[in-house]
Amino acid sequence: MWLAACSPAGMAEKILIIDDDEQLLSAYREYLSERGYEVDCAQELEEAQTLLAFFPYSVVITDLRLSKLAFGGLDVIKHVREQTLQSRVIVLTGYGWPELKSEASASGADTFLQKPARLTDLGAAVDMLIGAKA
Amino acid sequence: MTSLLETIVDPRALSVCFQPIFEIRDGVRLIDSVEALIRGPRSTKFNRADILFDYVRRKRAEAAVDRSCVVAICNAAQLLPSHMRVNINVHAVTLDHRSGFVEFFKRHTKERSLRLERFTLEIVEHAPTSNVPQLIDSLVALRDSGVRIALDDVGLGQSNYRMMLDCHPQYFKLDAYFVRGVAQDAKRIAVVRSLVALAGTLESTVVAEGASSEDDLSRLAELGVTFMQANILCPAMPLEELQRLGHLEGAQASHAPSGAAVGMEMCVVAQH
């Protein structure tokens, strides 16, 4: 297990990944689990909201566009911030629209990654945020 | 891609645990009935009922999932002794809109050769009931068919005086919040005492949930509560486990030892 994946108490840091692309979720989960993180996944807003209500996550990684109809990732960010200021939020987006990015940032996103994010980039972003948190 | 909700509305993804409800008189503990408690898909966080139903409510899918639960519970209930009564949780919203739940419930139990008189529907209420006349119509139809009605989580949220009057339940299931630690708490004693008196006037019966000690059980008995459901009496567990431990054999006339949970596989008792 990577040292970066452990909290000071020795527990694996918990990460929630929210994306409606099952294949991407699976790849992210596998990669981050191998790095020693405890990873939960959600494919939709309500699933994520429930998990956030019951479990404390160090990092939440969310796609900005969660359904084909709406930018549900913004709702996720707002929901995370309503729940806690402790969690760090990484936003994955295939959109370069600066106004969206700025809205996500104003809502409480900590870091942005262009989709599809390289696994190493994702791991580095998570490590950095958890390191910063510690 | 199968969504979580699509998975849950398939009854095969759900499992059922049963927790006995005891009638305790003069120290003699008899199993009166069992409450069927749903668990979500195994190996997921949604296996826990509180998490599962939080999600279901966010999706506003109570009616569909309640039906799925009924199917799973009826399948399991077929393996119970034929005299054993079964409590099933149903959201008020499932009953208060025109979902056809009552007809579905009657049809499904009939298809499974399960007598309606064996069932108590526990009304779970997490949001204000919007269509009270429809809810009452459904409850009257169920009661006329022999189904008993219980109001769950009494004292919390929407399980309030209005629901007591509107639903006229045979049972008030007093939430564990008011029961746990009652032996040492004069304020909780006052709540229990008042509910027992109210239940007597309204021709209902109090079921106390979640007593945490023998002292609690004794004090509840002193206060006139005879029906109790608690982990210290017997935790929720799969039917096979209840059978293996002999809890259902001669349940009508046997003493259930205190601390019956020792050595049992514990299920998280998180009722919806």
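The structure under discussion appears in the preceding block.
Conventions used here
- Residues numbered from 1 in each chain as written.
- Chains lettered and ligands numbered in written order.
- Predicted model: local features only at pLDDT ≥ 70, side-chain atom pairs only at ≥ 80, totals over all residues.
- Heavy atoms only, no water.
- Helix = DSSP H or I, 4+ residues; strand = E, 2+ residues; numbered from the N terminus.
- Buried < 20%, exposed > 50% of the residue type's maximum accessible area, 1.4 Å probe, protein only.
- Contact = heavy atoms within 4.5 Å.
- Areas by Shrake-Rupley, 256 points an atom, 1.4 Å probe, with all protein chains shown as cover.
- Buried area = accessible area lost by both parts, 1.4 Å probe.
- Salt bridge = Lys/Arg side-chain N within 4 Å of Asp/Glu carboxyl O.
- Polar contact = N/O pair within 3.5 Å; in protein donor to acceptor, adjacent residues only side chain to side chain.
- Pairing = 2+ DSSP bridges.
- Arc of directions from axis to C-beta.

Take the overall build of chain B next. What chain B contains, in helices and strands, is eleven helices and nine strands. Put simply, chain B has 272 residues, and 56% of those count as buried. Across chain B, every contact between residues at least 6 apart in sequence was considered, and the portion connecting residues at least 24 apart equals 69%. Surface exposure of chain B reaches about 11700 Å², of which carbon and sulfur atoms provide 51%.

Turning next to the interface of chain A and chain B. Tallying the contact residues gives 16 residues for chain A and twelve residues for chain B. In total, chain A and chain B occlude about 1200 Å² of area from one another, counting both sides; carbon and sulfur atoms represent 60% of this. Ranking the residues of chain A by area buried against chain B places A:Glu46, A:Thr50 and A:Phe54 at the top, with a combined share of 38%. The interface formed by chain A and chain B holds three salt bridges in total. Linking A:Glu46 and B:Lys59 is a salt bridge whose minimum nitrogen-to-oxygen distance equals 3.5 Å. Connecting chain A to chain B are seven residue pairs in polar contact (both at pLDDT 80 or more). Among the secondary structure elements, those contributing two or more residues to the side of chain A that touches chain B are strand S2 (38-42) and helix H2 (45-54) of chain A. Ranked by residue count, the leading element in the side of chain A that touches chain B is H2(A), at seven residues.

Attention shifts here to the pairing of strand S5 (residues 111-114) of chain A. All names here are of chain A. Every second residue of S5 is oriented toward a common face, the buried set being Thr111 and Leu113 and the non-buried set Phe112 and Gln114. The pairing of strand S4 (residues 88-93) with S5 spans four bridges and is parallel. Bridged to Thr93 within S5 is Gln114.

Residue and element names in this part refer to chain A. Along helix H4 (residues 98-107), the residues that are buried comprise Leu100, Ala104 and Ser107. Mapping the buried residues of H4 onto a view down its axis gives an arc of 60°, with all of them on the same face. Residues of H4 that are exposed and point more than 90 degrees away from the buried face comprise Pro98, Glu99 and Ala106. On its buried side, H4 packs onto helix H3 (72-83) and S5. At the exit of H4 stands Gly108, carrying a positive phi of roughly 125°.

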